[in-house]
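One-letter residues, chain by chain:
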Amino acid sequence: MPLKNTSFSENRRQLLQHGIGVAAALPLAWAAKSSGAQTGTSAPRSSAPPAGVLTRTIPRTGESVSALGLGTFLTFDTLPGQPRSNLREVVKTYWEGGVRVLDTSPLYGSAENTVGDFVTALDINDQLFIANKLWTTGEYLTDESHALRSLEQSQLRLWRQRFDLMQCHSLVNADAVVPLLNAWKKEGHTRLVGVTHHESGHQDLLAQWIDRGAVDFVQVNYSIFNRHAEKRVFPPAQAHGVGVLVNMAMEKGRLHKVVEGHPLPAFAREYGIENWAQYFLKFVMSHPAVTCCLSSTANPDHAAENVGALRGPLPDAATRANMLRYLEHLPGFNQIASMPWYPGKDKHYPGFIRRGQASLRLRNAL
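To start, this report covers the structure provided alongside it.

Basis of the calculations
Residues numbered from 1 in each chain as written. Predicted model: local features only at pLDDT ≥ 70, side-chain atom pairs only at ≥ 80, totals over all residues. Heavy atoms only, no water. Phe/Tyr/Trp six-rings, centres within 6.5 Å; stacked < 30°, edge-to-face > 60°. Helix = DSSP H or I, 4+ residues; strand = E, 2+ residues; numbered from the N terminus. Buried < 20%, exposed > 50% of the residue type's maximum accessible area, 1.4 Å probe, protein only. Axes fitted to C-alpha atoms, helices over the stretch in contact; angles between N-to-C directions. Parallel < 35°, antiparallel > 145°, perpendicular 65-115°, else oblique. Left-handed = near helix turned anticlockwise from the far one by under 90°. Contact = heavy atoms within 4.5 Å. Nonpolar A, V, L, I, M, F, W, Y, C, P; charged D, E, K, R; others polar. 1 Å grid on protein atoms, 1.4 Å probe; cavity = no way out; pocket = protein on both sides within 12 Å on 5 of 7 lines; lining within 4 Å. Points joined across faces, edges and corners; volume = space filled by probe spheres on them.

### What to know about the packing of aromatic side chains
Counted by the stated rule, this structure contains 11 aromatic pairs. When the centroid spacing of 6.2 Å and the interplanar angle of 90° are considered together, the rings of F73 and W341 count as edge-to-face. Placement of F73 in the loop between β3 (68-71) and α3 (85-96) and of W341 in the loop between α13 (317-328) and α14 (352-365) is noted, with a sequence separation of 268 residues between them. Residue classification places F73 among the partly exposed positions, given a relative accessible area of 22%. Ring geometry for Y279 versus F280: centroids 6.0 Å apart, planes at 85°, classification edge-to-face. We note that Y279, like F280, is buried.

Here's what the structure looks like:
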């Protein structure tokens, strides 16, 4: 039975009602393999942001993307039946603010479902640059059955045949996964290939993948506090024309904890910086190696603060140095690495990931 051109939720219900299930994604997954043609949301109309928004150029394609993107780890993971209208407002706020890059993963609990539902209902799916991930090992070395199931599931959840960027998540099984992703690139399932990690200890490995010439993008942790990527990842990325996505730009809420009660420095206003979120984000966005800085929130008000970083000039090198010096004099700045993620928000983001973590803690405490 052909699917109507309705919302993601309606189509998903049709699949389940008629007993088609996830297997129905198979024609979607492999339609492009035989013909190389892409239809519907598989070929984005344009992911170029509106005028007046800060942009960066993807080195391998020459296309412009917003310098700020929406991340979905933890914040977009919700349990079935729980309120999530706030997340729809976050997506809408980012879109209206000029954001055209969105990063997600099948490892992020229900984030793919939430993202797919809202971007399709808002009719913006095919105008977004969507970066997704693969986290798989297979039954044996080079077995791609797990990877195919992950791809098919992501296509169904996000209502897309083709992704703009598919990344090897946290370098898991990278020696097998990166060649597979490059095969998918040739077969039309993704336009670009990347590798990711969120810990500084793995940046040497990220740099090695850049040096091999096997990836178009690298995703790395970088912030005004943790600038290790400037030494090991950014130089080879610039030398080889590899795009850079940044995660942990606000150190999972830890930077905000340090600046609580402290005013913005006066010079920040010269760059259109109106709040601390924009201060942290513009520092990251202003590095010439960075293609897009990812930011994540479940709070629509915070989303509005974040997208403000897309307006006004970016700090120059001298101002970046001043921004850092100002923070280095604040108590607690040098201890950020020892703080827990999202301090004071232990009960926030009560999705599959948090529930699983709590269960494991309880089982190990018995």
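After presenting the structure, the write-up continues.
### A word on the packing of α3 against helix α12 (residues 300-307)
Packed helix pairs are characterised by how far apart their axes lie and by the angle those axes make with each other. Axis separation between α3 and α12 bottoms out at 9 Å; the angle between their running directions is 15°. Here α3 lies roughly parallel to α12, going by the angle between them. When the axes of α3 and α12 are compared, the crossing they make is right-handed. Facing α3, whose interface residues are N86, E89, V90, T93 and Y94, α12 presents P300, A303, A304, N306 and V307. When the residues that make up the contact of α3 with α12 are grouped by side-chain class, the tally is six nonpolar, three polar and one charged.

### Observations concerning empty space enclosed by the protein
It is a probe the size of a water molecule, rolled over the atoms, that shows where empty space is left. Taken as a whole and judged by the stated rule, the model has two cavities of 30 Å³ or more. Residue lining of the largest cavity: L70, V91, Y94, W95, V99, V101, L102, I124 and L128, and that is the complete set. Looking at the lining of the largest cavity, the elements with two or more residues in it are α3 and β4 (101-103). For the lining of the largest cavity, the element with the most residues is α3, which contributes three residues. When the residues that make up the lining of the largest cavity are grouped by side-chain class, the tally is nine nonpolar, no polar and no charged. Estimates place the volume of the second largest cavity at around 30 Å³. Along its surface, the second largest cavity is lined by I58, V65, V101, F129, F217, L245, T291 and C292. Of the residues contributing to the lining of the second largest cavity, the split by class is seven nonpolar, one polar and no charged.

Keep in mind these numbers describe shape, not what the thing actually does.
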